[in-house]
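In case you want the letters, here they are:
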Amino acid sequence: MAENSSRQGILSLSIKDKNALYAAYMPFVTNGGLFIPTKRDYDMGEEVFMLLNLMEETERLPIAGKIIWKTPVGAEGYRATGIGVQFSDQDGGTARNKIETYLAGSLESDRSTHTM
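All figures in this text were calculated on a predicted structure; none of them were measured in a lab.

(A) The arrangement of the pairing of strand β4 (residues 47-54) in detail. For β4, a buried count of 6 out of 8 residues is recorded, marking the element as mostly surrounded by other parts of the structure. Judged from the 6 bridges that link them, strand β2 (residues 10-15) and β4 form a sheet pairing that is parallel. When the sheet's bridge partners are listed, L11 is paired in β4 with M50. The pairing of β4 with strand β5 (residues 61-71) spans 6 bridges and is classified as antiparallel. Note that in β5 the partner of L51 across the bridge is P62.

See the structure below:
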C-alpha cells in the first residue's frame, strides 16, 4: 500500500491486492472506511479527500471522508502509523460497494486487520 499526498488534504492511496484491502477496510464504520498509513498529523474530525486506486482499475475513486481515529507513531503492538477515515455519505455508497464486492466472502473472516 502506498500513500502519498500531492496537495494538502488530498490523499492518494493505491491498494493492489485483496489482503491489503481487507487489512485496511473498516466495514464496522457507518458508510465504511479505510485505514490509511501516513506519518502526517491530522486532527480528529478533519475532512479529507481521497483518490483511491483499487486493484487493476485505471480509474481512481474519489472519496470524501473524515478522520475518526489516529494510530500514532510508536503505538503499542507495533501497529502501523496512520489514520482511520470514515467515508462521507455523499457518494451514495459507491466506494463501500466497490470495496465490499472485491472482498466478498472475506468480510466474515476473523483475520486481524490494521483496525481490529
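So much for the structure itself; the text now carries on.
(B) Here's a closer look at the nonpolar core. Membership of the largest hydrophobic core comes to 25 residues, with the highest contact counts inside it found for I15, L21, L34, I36, L52, F87 and I99. Residue assignment for this core shows that the elements contributing at least two residues are β2, α1 (18-24), β3 (33-37), β4, β5, β6 (82-87) and α2 (94-102). Excluding residues within four positions of it along the chain, L34 makes contact with L13, I15, L21, A24, Y25, M26, L52, I83, G84, V85, F87 and I99.

(C) Structural view of the pattern of salt bridges. A full pass over the atoms with the stated rule returns 3 salt bridges. Residue K70 is joined to D41 by a salt bridge in which the shortest nitrogen-to-oxygen separation is 3.8 Å. One end of the pair, K70, is in strand β5; the other, D41, is in the loop between β3 and β4, and 29 residues separate them in sequence. On the basis of relative accessibility, which here comes to 65%, the residue D41 falls in the exposed class. The salt bridge partner of K98 is E57, with a shortest N-O separation of 3.4 Å. Residue K98 is found in helix α2, and its partner E57 is found in the loop between β4 and β5; the two are separated by 41 residues along the sequence. Looking at E57, the relative accessible area reads 23%, which means it is partly exposed.

About the thresholds
Residues numbered from 1 in each chain as written. Predicted model: local features only at pLDDT ≥ 70, side-chain atom pairs only at ≥ 80, totals over all residues. Heavy atoms only, no water. Buried < 20%, exposed > 50% of the residue type's maximum accessible area, 1.4 Å probe, protein only. Helix = DSSP H or I, 4+ residues; strand = E, 2+ residues; numbered from the N terminus. Pairing = 2+ DSSP bridges. Core = buried A, V, L, I, M, F, W, Y, C linked by side-chain atoms within 4.5 Å. Contact = heavy atoms within 4.5 Å. Salt bridge = Lys/Arg side-chain N within 4 Å of Asp/Glu carboxyl O.

As far as function goes, none of this settles anything; it's purely spatial.
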